[in-house]
Amino acid sequence: MRKLYTANHLLEAYIVRDLLENAYIPVRLFNEYAQGGTGEIPFTHTYPEVWVVRDPDFERGQEIIAAYERAPQVTDSVLCPQCGEENPGSFQLCWQCGGGLELAGDKPRNR
């Protein structure tokens, strides 16, 4: 087992874990519940870590993480055609009503 990634927060560790597992790379999360120990132990020891289980997957895992880090941040938004609620541009379903945002065709976007 080798440490592949240290995340800034738990949500980021979950995203990286899911990306790797979707590529059939088994991983383990460490320090998943360590943030409660901040103050008792150094905060850098509480950062969530993603470790690959099989050493041969390490390089491919690095490539997947590099692609994740290069991906542009989506900052635009789209209005739901059913309820008018504003949603992040990356959503496919409205968080408010569950309506399909891809059905809007030419989506009205806010910047």
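Residues numbered from 1 in each chain as written. Predicted model: local features only at pLDDT ≥ 70, side-chain atom pairs only at ≥ 80, totals over all residues. Heavy atoms only, no water.

**Digging into the pattern of salt bridges**
In a structure, side chains of opposite charge can pair up when their charged atoms sit close to one another. Applying the stated criterion across every chain yields a total of four salt bridges. The partner of Asp 57 in a salt bridge is Arg 54, and the shortest N-O contact between them spans 2.8 Å. Under the relative-accessibility criterion, Asp 57 is labelled buried at 8%. Between Asp 57 and Arg 60 there is a salt bridge, and its shortest N-O distance comes to 3.9 Å. Via salt bridges that share partners, Arg 54, Asp 57 and Arg 60 belong to a single interconnected network. (Salt bridge = Lys/Arg side-chain N within 4 Å of Asp/Glu carboxyl O. Buried < 20%, exposed > 50% of the residue type's maximum accessible area, 1.4 Å probe, protein only.)

**Observations regarding the sheet that holds strand β2 (residues 27-30)**
Here three strands make up an open sheet; going across it, the order is β1-β3-β2 and the pairing antiparallel. Each end of this open sheet is capped by a strand with a single partner; those strands are β1 (2-6) and β2. On average, each strand axis in the sheet is inclined to that of its neighbour by 30°, with strand direction left out of account. Its contacts with the sheet put helix α2 (residues 58-70) on β1 and β3 (49-52), and the angle it makes with β1 is roughly 5°. (Pairing = 2+ DSSP bridges. Helix = DSSP H or I, 4+ residues; strand = E, 2+ residues; numbered from the N terminus. Axes fitted to C-alpha atoms, helices over the stretch in contact; angles between N-to-C directions. Contact = heavy atoms within 4.5 Å.)

**Examining the confidence of the model for the protein chain**
Averaged over every residue, the pLDDT of the protein chain is 84; the share at 70 or more is 82%. Within the model, the stretch residues 104-111 combines pLDDT values under 50 with 16 contacts to residues more than four positions away or in other chains. (pLDDT = per-residue confidence, 0-100.)

**Observations concerning the packing of aromatic side chains**
Taken as a whole and assessed by the stated rule, the structure comprises one aromatic pair. Between Phe 30 and Trp 51 the ring centres are 5.5 Å apart and the planes differ by 75°, which places this aromatic pair in the edge-to-face class. With Phe 30 in strand β2 and Trp 51 in strand β3, this residue pair connects regions lying 21 residues apart in the sequence. Judged by its relative accessible area of 24%, Trp 51 is partly exposed. Lying over the aromatic face of Phe 58, Arg 2 brings its terminal NZ or CZ to 3.7 Å of the ring centre. (Phe/Tyr/Trp six-rings, centres within 6.5 Å; stacked < 30°, edge-to-face > 60°. Lys NZ or Arg CZ within 6 Å of the ring centre and 35° of its normal.)

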